[in-house]
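The lines below spell out each chain.
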Amino acid sequence: MSTNKKPKTGVMIAKIAAGLLFIYVGIAPDPEFDAGARGVSIIIGLAFMAWALLPYFGWKKRRQEVLEEIEKQEQEIREMKAELRNRPRKCPFCGATTKGNVCEYCGSLIPETK
Ligand SMILES: [Zn+2]
């Protein structure tokens, strides 16, 4: 349950199929099974369903968390880039201290510096 891998779809479908089969046996009007056997069958079916679906939802939740973390970091990078763009720089053409890519004084394009 603690893996970050996506659960295999085939395995999940097999578990769901087994779960549905047990649930079907539990609710089908078959005189071979008494109420106790039906109850057990439904419980086993539900257990199969949980076994199939819980790792999948766990994986989806972890994936969502990773995506949100990436989005947050991208936002931080955008803010850092904006800050770098707005920091004062010295114009190599007229020597004035200015902001942004274009000198406010002589209108020259200032080359990106690191
Ligand atoms: Zn300038």
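This text goes with the structure placed above it.
This write-up is about the structure you can find in this document. All values derive from a computational prediction rather than experimental measurement.

### Quick notes on the overall build of the protein
Logical step 1: Assigned secondary structure in the protein consists of two helices and two strands.
Logical step 2: In the protein, the succession of α and β elements from N to C terminus is α-α-β-β.
Logical step 3: Relative to the 2.2 N^0.38 estimate, which gives 13 Å for 114 residues, the radius of gyration of the protein is 31 Å and therefore markedly larger than a compact globule would have.
Logical step 4: Dimensions of the protein, computed from the C-alpha atoms along their principal axes, are close to 95 × 20 × 20 Å.
Logical step 5: Buried positions account for 7% of the 114 residues belonging to the protein.
Logical step 6: Partitioning the contacts of the protein with sequence separation of at least 6, the portion at a separation of at least 24 is 34%.

### A few points about helix 1 (residues 9-27)
For an α-helix, the turn length of 3.6 residues means that residues three or four places apart are oriented alike.
Logical step 1: Between its first and last C-alpha, helix 1 extends 26 Å over 19 residues, near the 27 Å set by a 1.5 Å rise per residue.
Logical step 2: Taken as a whole, helix 1 has its buried residues at K15, G19 and G26. Summarising the axial view, the buried residues of helix 1 lie within an arc of 35 degrees, below the 170-degree limit, and thus occupy one face. Opposite the buried face of helix 1, at more than 90 degrees from it, the exposed residues are T9, G10, I13 and A17.
Logical step 3: Its buried side turned inward, helix 1 meets helix 2 (35-86).

### Structural notes on the environment of I27
Logical step 1: With respect to the helices and strands, the residue I27 is situated in helix 1.
Logical step 2: For the pair formed by I27 and G39, sequence separation is twelve residues and the distance between their alpha carbons is 8.7 Å.

### Focus on the environment of G45
Logical step 1: Secondary-structure assignment places G45 in helix 2.
Logical step 2: Taking the C-alpha atoms as reference, G45 lies 13 Å from I13; in sequence the two are 32 residues apart.
Logical step 3: Setting aside chain neighbours within four positions, we find G45 in contact with G19, L20, F22, I23 and G26.

### What about helix 2?
Logical step 1: With 52 residues, helix 2 ought to run about 76 Å at 1.5 Å a step, and its terminal C-alpha atoms sit 75 Å apart, in line with that.
Logical step 2: At L53, helix 2 shows its largest kink, close to 25 degrees, and the proline P55 lies no more than four residues downstream.
Logical step 3: All buried positions along helix 2 are accounted for by G45, F48, A52 and P55.

### What to know about the environment of N101
Logical step 1: Residue position: N101 is located in the segment after strand 2 (97-98).
Logical step 2: Between the alpha carbons of N101 and E71 there is a distance of 27 Å; along the sequence they are 30 residues apart.
Logical step 3: Not counting residues up to four positions away in its chain, the partners in contact with N101 are L109 and I110.

### Examining the packing of helix 1 against helix 2
Logical step 1: One way to put it is that helix 1 packs onto helix 2 with a least axis distance of 7 Å and a crossing angle of 160 degrees. Considering the angle they form, helix 1 stands roughly antiparallel to helix 2. Taken as a pair, helix 1 and helix 2 cross one another with a handedness that is left-handed. Contacts between helix 1 and helix 2 pair M12, K15, I16, A18, G19, L20, F22, I23, V25, G26 and I27 from the former with R38, G39, S41, I42, I44, G45, L46, F48, M49, W51, A52 and Y56 from the latter.
Logical step 2: Taken together, the residues that form the contact of helix 1 with helix 2 break down as 16 nonpolar, five polar and two charged.

Analysis parameters
Residues numbered from 1 in each chain as written. Predicted model: local features only at pLDDT ≥ 70, side-chain atom pairs only at ≥ 80, totals over all residues. Helix = DSSP H or I, 4+ residues; strand = E, 2+ residues; numbered from the N terminus. Rg over C-alpha atoms; globule rule 2.2 N^0.38 Å. Buried ≥ 20, exposed ≤ 12 C-beta atoms within 10 Å, placed from the backbone. Contact = placed C-beta atoms within 7 Å. Expected span 1.5 Å × (residues − 1). Arc of directions from axis to C-beta. Bend = angle between axes of the 7 residues up to and from the residue. Axes fitted to C-alpha atoms, helices over the stretch in contact; angles between N-to-C directions. Parallel < 35°, antiparallel > 145°, perpendicular 65-115°, else oblique. Left-handed = near helix turned anticlockwise from the far one by under 90°. Nonpolar A, V, L, I, M, F, W, Y, C, P; charged D, E, K, R; others polar.

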